[in-house]
Amino acid sequence: MLHVANVPGQWGTPTVSVAAVFGLLAGLPSSIIESVGDYYACARLSGAPPPPNHAINRGIVIEGIGCLLSGAFGCGSGTTSYSENIGAIGITKVNNFITVSNRPENNSPNRYLTLKPTRYH
């Protein structure tokens, strides 16, 4: 039998209960507060200025849209910023999505070049 994971509607029609809605609404503020803290911590670790309010608002909205899409496709968890990833930035000092691996021809160890973080406009 072939089983395809994460197909919308694979478990039937979704049901919504009042208890589930209030439970999720109770967790929403804590998720937003954690995300805002992650944005500030990430900016501080990467040497960028603190994020302006409009950037924080966009981040929260995009996380919400990601959670909606995640639920629509049947995933069991939503998308959010993760404090563990911010800790990895602090340990590795890799703070930009543009990390270039430079492998010289003489078989010396890899060298990583990290470009300066993008500044908020």
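Going by the structure above, here's the rest.
So, a few notes on the structure that sits alongside this text. (Residues numbered from 1 in each chain as written. Predicted model: local features only at pLDDT ≥ 70, side-chain atom pairs only at ≥ 80, totals over all residues. Heavy atoms only, no water.)

### Details of helix α3 (residues 83-92)
Then, in step 1: Looking at α3, one finds that the buried residues are I86, I89 and G90. The buried residues of α3 all sit within an arc of 100° when viewed along its axis, so they share a single face. Seen from the open side of α3, the exposed residues pointing more than 90 degrees away from its buried face are E84 and I91.
Then, in step 2: The inward-facing, buried residues of α3 contact α1 (18-46).
Then, in step 3: Positioned one or two residues after α3, K93 has a phi angle of 65°, which is positive. (Buried < 20%, exposed > 50% of the residue type's maximum accessible area, 1.4 Å probe, protein only. Helix = DSSP H or I, 4+ residues; strand = E, 2+ residues; numbered from the N terminus. Arc of directions from axis to C-beta. Contact = heavy atoms within 4.5 Å.)

### A word on the packing of α1 against α3
Then, in step 1: Where α1 contacts α3, the two axes come as close as 10 Å, and the packing angle between them is 10°. Regarding the angle of α1 to α3, the classification is roughly parallel. Here α1 contributes E34, D38, A41, C42 and L45 to the contact with α3, which in turn contributes S83, I86, I89 and G90.
Then, in step 2: Grouping the constituent residues of the contact of α1 with α3 by class yields 5 nonpolar, 2 polar and 2 charged. (Axes fitted to C-alpha atoms, helices over the stretch in contact; angles between N-to-C directions. Parallel < 35°, antiparallel > 145°, perpendicular 65-115°, else oblique. Nonpolar A, V, L, I, M, F, W, Y, C, P; charged D, E, K, R; others polar.)

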